[in-house]
Amino acid sequence: MTRWMAQLALELRLLLKYRWPLLLPPAAGLYMAIRLLGGNVYDMADDNLLAFESHAVLMTVTLAVPVLLGVMLIRRDTLHPSYEWSLSLPVSNWTIIGTKWLAGFLYMSLFTLAISAAYAICALKHGIPLSSIAGVLTLTGFMYETYYGISLALGLLLGALMPARFSLPIAFCGWVFGAIFLQLFVAQSLHFYPVRAFFLNHFFHTSLWSNEVWSVPLAAEEYARLVPFAVVFGLFMLVWSWARISGTRSLLHPKRPRLLTLVAFAAAVAAFVPYAGLWHERYEMMATLGTGAPLWSMGETQPQSRYAFRASSYDLNVVRRADDAFGAVASIRFPVADGKPVPAAAGVREVKSHKPGYITFLLHPLLKVTRTELNGTPVEAVREGAYLHIPSASLRGRTGEQRLVVEYGGDMTVWAYGSSWDGYLSFIRGDNIYLPSYSGWYPLPGGDSLFYMLYDRILGARKDADLFFHSDFRATLTGFDGPLYASIPEAADSGHSGMKRFYEADSKGLSLFGGHFREVSVSGEPITVVTTPGSMRDAENLLQRIRSIREYYESWGRRLDSIERILYFPMESIDLTSFWPFEQKVGHTLLLPVYPQMMSSSQILYHTMELILFGDTNSYQIDASHSPESEFSLVTEIRSAILYMADRDNRIIPFKPIIETEYWHMMKSMIDRAIARGDEAKVWQVLASFWDRGLSISVYHDGPNGQYVQEYPIITADDWAEAWNRAMPGDADLLKLPK
């Protein structure tokens, strides 16, 4: 041990003689501080998400240091002709490799300390809870230390294997390959995610780590298998390095290095097997879910409306098991006319059948059905992928309400990859739950499909699967002991006997969100925000601004009560589907994704108020009434006018017109002129007349082959002129515009 410590002290002295390495850790900490305190150009964002984005940059850059340092440590003396005298030192080859690695590791720990200290100081300044800070520091510290150590082992190996003139350029390529290339091109472009085992940088893309509440529970299973392999593979590289220098420094047993290298390699292969098994399970699951899913690129997706039928009521009893799976009994009442289900979509005359002689519900393929009863009589249901076929023979000649009971269960944790990152379509992991209503975690009355496939084997969720769902919904959940949020109201008797109950008449379905989020509220504002600890400051700011806007509109007699709760947190790792609009308003809940690279506070507030004011369900409504394929309407200009009024009076909405047209500029000049002469109340009279009729814009996929469908009120220039002249006769300049 004395020799070992003396050799370590020598290595540290030689390392510190370079001097320049001591400047790098403070520079890394300074970058983190600038990003969190002064370098954020977005004035509303999740502080911890910004920190992870900074970690992605820092880890990418700083990983070059241990790789190149490993080469320099071994090429500086042990394998350098000028240090031939070191061959006679009374230390073993193990001591030389071990102390070089440890000296480099201690130096790289200065980076971890500097970055962690900068983050902790900024997080405390921003009021992030200590528990959240501790969790982030534990995760990032572990990742930095683990992969700094592995990168050092890679540098030592490359330095030992390659001639001096090649070792540094090849080490540079090794850094690019492990820190950038594998992530960008092999994993994201080719969708071959098992190569994550050889990543040096696991923060390069933040989707997996974007949500601080869900990230660790979702990543735990994978990293419990990945980290042991990474550590064993790092040891294998050190053993190989030792074997290489053993060819220079003679040994008593010259064959031992080769033997131990083979043993270390075999251990690394054995450690990789459980990790490879995880990916085998995941890709096998994707293949199962993709079986029978229509191809988007081939135009095989069909409108859900052709297959959807009405259901009057749902009574759902769910019991969660210890293995994160669940069992459920769904009692569904649905009307039939002359033995046939009643179409749910307007304009559809007869429900189309997926299988002749059957009516079809959509149920997630991973859920196994154990019992089906129709009107109290057992029936033989047929499962085909996401389809649950019920024989229609038992409905022949019947009219009126029918009752179907389905008992089923399974695990709904579904990994998938999108166009540029991987994530989850649904999951139950401990108290962390994401079960969207469209995922088919309970039987949906008809529809084309739950999933679709792209040409590059991407599996996507069809977020319109419950598009025509309207039913009284009652759910009783047992075993869900953690915080649980739903898209429908909680029943008055919820919480009794350990059960959670939810009920809503004429519901659009039930989405569940679970996790140890934080609830934020402000005095005088009925909406509460459920968010991550890193977003609490921004959530409070958002609520305060919403309260000011609410007070303005309510002063003119408008009630803004369509939203009771906002879920405000990063959703990159769960919002993988880009072709179907993301339903952001689900019942009385608004899902507000945090994407700091895309939205500032002004954009988020403006976007949020559109959803609250007009009752839209998603943010795809922009320009809906002005696209070449749609019927023209002034609905977008009138919505802009309503938002403009709040901005003009109080500057509480950072206004910009939704779309700038000749009509909008004419309407704006009319409003300004009317207010200037004291007719603001009359302006509100005109706007309210259209608002009361409805200004909602719905955009969804349900055309032939699943194209966008847009629904909005048709308001002509004559309609606007008539309403304006009724309030202020002879003042409607809009009549001068072409019809």
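Everything quoted here is computed from the prediction, not taken from an experiment.

Asks: When you look at unusual backbone geometry in this model, what are you seeing that I'm missing?
Replies: In terms of backbone geometry, most residues other than glycine have negative phi values and most peptide bonds are trans. A positive phi angle, close to 75°, is found at Asp-324, a residue other than glycine. For Asn-375, which is not glycine, the phi torsion reads 55° and is therefore positive. Considering the arrangement of structural elements, one finds Asn-375 in the loop between strand S5 (368–374) and strand S6 (377–378). Judged by relative accessible area, which is 31%, Asn-375 ranks as partly exposed.

Asks: Help me out: how do you make sense of empty space enclosed by the protein in this one?
Replies: To find leftover empty space, a probe the size of one water molecule is rolled over the atoms. The final tally for this structure, using the stated rule, is four cavities of 30 Å³ or more. The volume enclosed by the largest cavity comes to roughly 170 Å³. Forming the boundary of the largest cavity are 18 residues, of which Gln-188, Arg-196, Phe-199, His-205 and Asp-422 lie nearest the centre. Broken down by element, the lining of the largest cavity gets its largest block of residues, three residues, from helix H7 (residues 164–189). Residue classes in the lining of the largest cavity are distributed as nine nonpolar, seven polar and two charged. Reported here for the second largest cavity is a volume of approximately 80 Å³. Considering the residues around the second largest cavity, the lining is formed by 13 residues, among which Ala-308, Pro-445, Ala-465, Phe-468 and Phe-469 are closest to the centre. The residue makeup of the lining of the second largest cavity, split by class, is nine nonpolar, two polar and two charged.

Asks: Before we go on, may I ask you to explain the packing of aromatic side chains in this structure?
Replies: A ring pair, where both rings are aromatic, is described by two values, the distance of the centres and the angle of the planes. Under the defined criterion, the tally for this structure stands at 61 aromatic pairs. With 5.6 Å between their ring centres and 40° between their planes, Tyr-144 and Tyr-148 make a pair best called tilted. With Tyr-144 and Tyr-148 both in helix H6 (residues 130–161), this residue pair falls four residues apart, about one helical turn. By relative accessible area, which is 1% here, Tyr-144 ends up buried.

Asks: Please clarify how the side chain of Glu-373 should be interpreted in this entry.
Replies: Following the sequence through the fold, Glu-373 ends up in strand S5. Within the structure, the side chain of Glu-373 is placed 3.0 Å from the side chain of Arg-371, a separation counted as a polar contact.

Asks: Would you explain the sheet that holds strand S16 (residues 484–486) in this entry?
Replies: Whenever strands of a sheet pair, they do so through backbone hydrogen bonds, lying parallel or antiparallel. An order of S10-S11-S12-S18-S16 is seen for the five strands of this open sheet, with the pairing classed as antiparallel. Only two strands of the sheet have a single partner each, and these edge strands are strand S10 (414–417) and S16. Each strand of the sheet is rotated relative to its neighbour by a mean of 30°, with strand direction disregarded. Where S16 and strand S18 (residues 512–514) come together, three bridges link them in antiparallel fashion.

What counts, and at which threshold
Once a new chain begins, its residue numbering starts again from 1 and follows that chain's sequence as written. Confidence filtering applies because this is a predicted model: local features only for residues at pLDDT of at least 70, side-chain atom pairs given and counted only at 80 or more, and all residues used for totals across whole chains, interfaces and linings. With hydrogens and water excluded, all non-hydrogen atoms of the structure serve as input to the side-chain values. Helical segments are the DSSP runs of H or I of at least four residues, strand segments are the runs of E of at least two, and each set is numbered from the N terminus. Here the term buried applies to any residue with accessible area under 20% of the maximum for its type, exposed to any over 50%, and partly exposed to those in between, with areas from a 1.4 Å probe on protein chains only. A cavity here means a set of 1 Å grid points, computed over protein atoms only, where a 1.4 Å probe fits but cannot escape. A pocket is an open set with protein on both sides within 12 Å along at least 5 of 7 lines, and lining residues have an atom within 4 Å of a point. Grid points are joined across faces, edges and corners, and a volume is the space filled by probe spheres set on the points. Amino acid classes used here: Ala, Val, Leu, Ile, Met, Phe, Trp, Tyr, Cys and Pro are nonpolar; Asp, Glu, Lys and Arg are charged; the rest, including Gly, are polar. Under the pairing criterion, centres of Phe, Tyr and Trp rings, with the six-membered ring standing for Trp, must be within 6.5 Å; the plane angle then separates stacked pairs below 30 degrees from edge-to-face pairs above 60, leaving the rest tilted. Polar contacts, as used here, are pairs of N or O atoms within 3.5 Å; protein pairs need one atom able to donate a hydrogen and one able to accept it. Residues neighboring in sequence count only if both atoms are side-chain atoms. Pairing between two strands is assigned when DSSP locates at least 2 bridges connecting them. To get an axis, fit a line to the C-alpha atoms, keeping to the stretch in contact for a helix; angles then go from 0 to 180 degrees between the N-to-C directions.

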